[in-house]
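Per-entry structural report
Residues per chain are reported as follows:
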Amino acid sequence: MSAPLIDFDEVIANFDPVLGLEVHVELGTASKMFCGCATEFGAEPNTQVCPTCLGLPGSLPVVNGTAVESAIRIGLALNCSIASWCRFARKNYFYPDMPKNFQTSQYDEPICFEGYLDVDVETDEGTRTFRVEIERAHMEEDTGKSLHVGGSTGRIHGADFSLVDYNRAGIPLIEIVTKPLEGAGKYAPEVAKAYVGALRDLLRGLGVSDVKMEQGSLRCDVNLSLRTSPDAPLGTRTETKNVNSLRSVERAIRYEMQRQAALLTDGTAIIQETRHWHEDTGVTTSGRVKSDAEDYRYFPEPDLVPVAPSAEWIEQLRSQLPEPPAERSKRLREEWGISEKEMQSVINAGALDLVLATIAEGADPAASRKWWLGELARRANDEGVELESLAITAKQVADLEGLVQSGRLNDKLARQVIDGVLAGEGEPAAVADSRGLQIVSDDSALLEAITAAIEADPDAAQKIRDGKVAATGALVGSVMKATKGQADAARVRELVLQELGQ
Amino acid sequence: MSAISRDDVAHLASLARIELTEQELNDYAGQLDVILTAVASISEVAADDIPPTTHAVPVVNVFRDDVVTPSLDRDSVLDHAPAAEDGRFRVPRILDEE
């Protein structure tokens with residue numbers, strides 16, 4: 001079911017979007033937030049559960065100190081104030097994803113508050129910096145995962161129930177909430193994408209989470225409303241969930257702006273509701289209408305004592321923060337001798353850490369950028385995945401570049417090696433061996449192909465003899481074709497010229 | 001005026017997914033009202049400069065190290081569930097969501 005949409009330009013001509021983003025980050029701690037169960041992704045269902053995270057009677061939670069430390073470090077990196085004293089709260093609701101019948105969260109006393117993150121977005125007038133203000137970042141726990149059976153899925157006819165896995169219940173989460181973001185206008189979708197991307201880079205830089213959107217360790221909910229002008233009161237908002245890639249952040253906002261604008265233009269009121277983004281069809285559909293069912297009866301968690309980070313602890317953590325991504329990118333730009341625009345394309349492609357890792361494995365900066373932004377970005381795009389999800393490591397890319405540098409492969413052969421690595425055939429050198437990929441450096445084999453090429457194209461050969469060196473390209477091309485790309489083009493050119501007396 | 005109305009109790013029951021009869025709603029409204037009125041008497045002695053107490057002892061920052069401890073055996077966990085399937089708890093479907 002698709003809703004009527006109006007053209008994006010028309011949306012912008014008539015409406016002003018206001019955005020709010022809620023990002024949930026699963027921390028990369030070894031154990032859960034309030035118990036010692038492991039947090040490993042992909043474990044067999046219900047093998048990482050204990051009385052505490054199952055909410056069994058008599059169990060008591062104890063806070064994971066590393067999770068608190070991570071929360072403070074995230075807050076500091078987002079320029080937040082850190083609460084000198086705060087408590088956990090119970091968010092009461094009855095749904096099988098939380099066996100305790102409440103989620104331990106924070107309510108009116110978040111550990112981090114009032115910060116910001118600056119993001120750069122390409123606009124018609126060049127790069128513009130948007131400041132995304134952070135309202136709060138608080139600590140909570142993740143919920144279990146439900147697998148719904150029956151109904152529309154029809155796996156078991158007539159069945160209508162859910163199967164629940166509590167491995168994820170209790171994994172430390174940080175929820176980062178922005179203030180309403182105004183004034184982005186037509187760039188709202190790009191600003192949101194840039195913010196989530198910058199946040200991901202920052203969290204990865206802090207080493208607090210693996211920030212894998214496709215595995216759900218970074219999740220984004222998008223609040224959006226439209227108003228007729230920046231002076232008009234805020235419109236009714238919708239909250240879109242299930243936005244699980246950077247690309248989806250942009251697409252979902254664009255879609256929701258077009259959908260809401262169509263309704264408002266038609267004189268229909270927006271319903272305040274939760275909507276679900278569908279990556280495959282690129283639409284949002286109505287979830288549940290916000291109602292008094294969302295009456296969580298928050299109260300201070302009586303089983304946990306307050307968290308009161310000392311000023312010394314906070315300052316110690318502040319002094320150990322890594323270089324902020326924006327400053328790091330400026331420094332690297334200078335080291336690599338590239339323009340701001342080139343650097344931005346590295347960052348936008350989600351390639352910065354991959355390029356750095358490849359350099360650390362021995363490749364030079366230019367070659368590292370070339371592979372990740374060229375061939376590999378193309379592969380990722382074709383597969384519709386993030387660059388980092390490709391089945392090739394920074395070390396493998398560095399090894400590949402090493403094979404090119406040593407003269408064993410040219411770029412064309414290297415691309416075939418990439419095919420092999422992505423297909424799981426092994427390390428680059430092994431793929432080159434097993435696929436028999438190697439530049440033909442044996443001159444006699446090349447000369448044979450050159451002689452054949454000269455015979456096949458006497459006109460070109462005569463031109464070269466007459467000193468028109470530009471005609472070499474045609475002969476080199478047919479030699480490369482004859483050798484299936486396995487020749488070193490520069491060497492072929494030398495030999496062609498030599499053969500024809502140049 | 002009572003501290004909690006019959007409608008409040010009905011609302012709480014619906015949030016908690018508990019089905020109550022008309023008689024129970026009336027009974028609980030009366031009983032809860034007695035409890036709330038008793039607790040409310042604390043506010044008569046608490047001055048504005050006394051922060052709300054959530055713990056009897058003034059302790060903060062009780063943390064544990066981030067160390068994994070053994071989890072429960074899955075079979076024994078699921079044995080206690082009313083229904084299980086494929087290593088998971090089987091529960092009635094509640095919201096018609098994805």
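Figured I'd write up the structure that's included with this text. (Residues numbered from 1 in each chain as written. Chains lettered and ligands numbered in written order. Predicted model: local features only at pLDDT ≥ 70, side-chain atom pairs only at ≥ 80, totals over all residues.)

So, on to the overall build of chain B. The helix and strand inventory of chain B stands at four helices and three strands. Scanning chain B from its N terminus toward the C terminus, one meets helices and strands in the order α-α-α-β-α-β-β. Relative to a compact globule of 98 residues, whose C-alpha radius of gyration would be 13 Å, chain B shows 22 Å and is clearly more extended. When the backbone C-alpha atoms are referred to their principal axes, chain B occupies close to 55 × 45 × 25 Å. (Helix = DSSP H or I, 4+ residues; strand = E, 2+ residues; numbered from the N terminus. Rg over C-alpha atoms; globule rule 2.2 N^0.38 Å.)

This paragraph deals with the environment of Thr21 of chain B. Residues and elements named next belong to chain B. Residue position: Thr21 is located in the loop between helix H1 (6-15) and helix H2 (22-40). Of the residues examined, Thr21 has 8 C-beta atoms within 10 Å and is grouped as exposed. For the pair Thr21 and Pro51, spaced 30 residues apart in sequence, the C-alpha separation works out to 39 Å. (Buried ≥ 20, exposed ≤ 12 C-beta atoms within 10 Å, placed from the backbone.)

With that settled, the discussion passes to the interface of chain B and chain A. Interface size is commonly expressed as the accessible surface area that is lost when the partners come together. Each side of the interface is counted separately: chain B has 35 residues, and chain A has 44 residues. When contributions to the side of chain B that touches chain A are tallied by element, the ones reaching two or more residues are strand S1 (63-64), helix H4 (74-79) and strand S3 (88-92) of chain B. Considering each element in turn, the side of chain B that touches chain A owes the most residues, five residues, to S3 of chain B. When the residues that make up the side of chain B that touches chain A are grouped by side-chain class, the tally is 16 nonpolar, six polar and 13 charged. Across four bridges, the pairing between strand S9 (residues 160-165) of chain A and S3 of chain B is antiparallel. (Contact = placed C-beta atoms within 7 Å. Nonpolar A, V, L, I, M, F, W, Y, C, P; charged D, E, K, R; others polar. Pairing = 2+ DSSP bridges.)

Attention now goes to the pairing of strand S11 (residues 218-227) of chain A. All names here are of chain A. Summarising burial for S11: seven of the ten residues are buried, a large majority. Direction of pairing for strand S1 (residues 16-26) relative to S11: antiparallel, over a ladder of ten bridges. The partner of Asp16 across the bridge, within S11, is Arg227. Pairing geometry for S11 and strand S12 (residues 238-243), over four bridges, is antiparallel. Paired with Cys220 across the bridge in S12 is Val243.

All right, on to the pairing of strand S6 (residues 112-123) of chain A then. Residue and element names in this part refer to chain A. Examined bridge by bridge, strand S3 (residues 81-82) and S6 share two bridges and lie antiparallel to one another. Directly across from Ser81, in S6, lies its bridge partner Phe113. Across eleven bridges, the pairing between S6 and strand S7 (residues 126-141) is antiparallel. Residue Cys112 lies in a different strand from S7, and its bridge partner there is Ala137. Between the antiparallel neighbours S6 and S7 lie two residues.

Our focus in this paragraph is helix H4 (residues 246-265) of chain A. Residue and element names in this part refer to chain A. With 20 residues, H4 should cover 28 Å at 1.5 Å per step; its first-to-last C-alpha distance of 29 Å lies within 8% of that length. Taken across its 20 residues, H4 has 14 buried, putting it largely inside the fold. Looking at the residues trailing H4, positive phi occurs at Gly267, about 80 degrees. (Expected span 1.5 Å × (residues − 1).)

Another point: unusual backbone geometry. Residue and element names in this part refer to chain A. In this structure, Asn79 takes a positive phi of about 60 degrees despite not being glycine. Within the secondary structure, Asn79 is located in the loop between helix H2 (65-77) and S3. A residue is classified by how many C-beta atoms lie within 10 Å of it, and Asn79, with 16 of them, is partly exposed. For Glu114, which is not glycine, the phi torsion reads 55 degrees and is therefore positive. Turning to its location among the elements, Glu114 is positioned in strand S6.

Another aspect to go through is the sheet that holds strand S5 (residues 102-105) of chain A. Two orientations exist for strands paired in a sheet by backbone hydrogen bonds: parallel and antiparallel. Residues and elements named next belong to chain A. Ordered in space as S5-S4-S15, the three strands form an open sheet in which the pairing is antiparallel. At either end of the open sheet lies a strand with only one pairing partner, and these are S5 and strand S15 (299-300). Sheet analysis places strand S4 (residues 89-92) next to S5, joined by four bridges and oriented antiparallel. What sits directly across from Ala89, in S5, is Ser105.

Think of an α-helix as 3.6 residues a turn; residues three or four steps apart then line up on the same face. Residue and element names in this part refer to chain A. With twelve residues, helix H11 (residues 411-422) ought to run about 16 Å at 1.5 Å a step, and its terminal C-alpha atoms sit 16 Å apart, in line with that. Residues of H11 that are buried include every one of Leu413, Ala414, Val417, Ile418 and Val421, and no others. All buried residues of H11 project into a common sector of 155 degrees when viewed along the axis, lining one side. Buried residues in H11 make contact with helix H9 (365-383), helix H10 (394-405) and helix H12 (428-434). A positive backbone phi angle near 80 degrees is found at Gly424, which sits one or two residues after H11. (Arc of directions from axis to C-beta.)

For the rest of this paragraph, the subject is the environment of Ser225 of chain A. All names here are of chain A. Looking at the element boundaries, Ser225 is found in strand S11. For the pair Ser225 and Asp16, spaced 209 residues apart in the sequence, the C-alpha separation amounts to 8.5 Å. The contact partners of Ser225, leaving out residues within four places of it in the chain, are Val18, Leu234, Gly235, Thr236 and Arg237.

Turning to the nonpolar core, a few remarks are in order. Counting residues in hydrophobic clusters, the biggest one holds 84 residues, and the most contacted among them are Leu19, Val191, Ala192, Tyr195 and Val222 of chain A. Val431, Leu437, Val479 and Val492 of chain A belong to the second-largest nonpolar core, a separate cluster that totals 43 residues. (Core = buried A, V, L, I, M, F, W, Y, C linked by C-beta atoms within 7 Å.)

Residue and element names in this part refer to chain A. Tracing the chain through its elements places Ser368 in helix H9. Considered as a pair, Ser368 and Thr358 are ten residues apart in the sequence and their alpha carbons are 6.0 Å apart. Apart from the residues lying within four places of it in its own chain, the contact partners of Ser368 are Val355, Thr358, Ile359, Ala363 and Val397.

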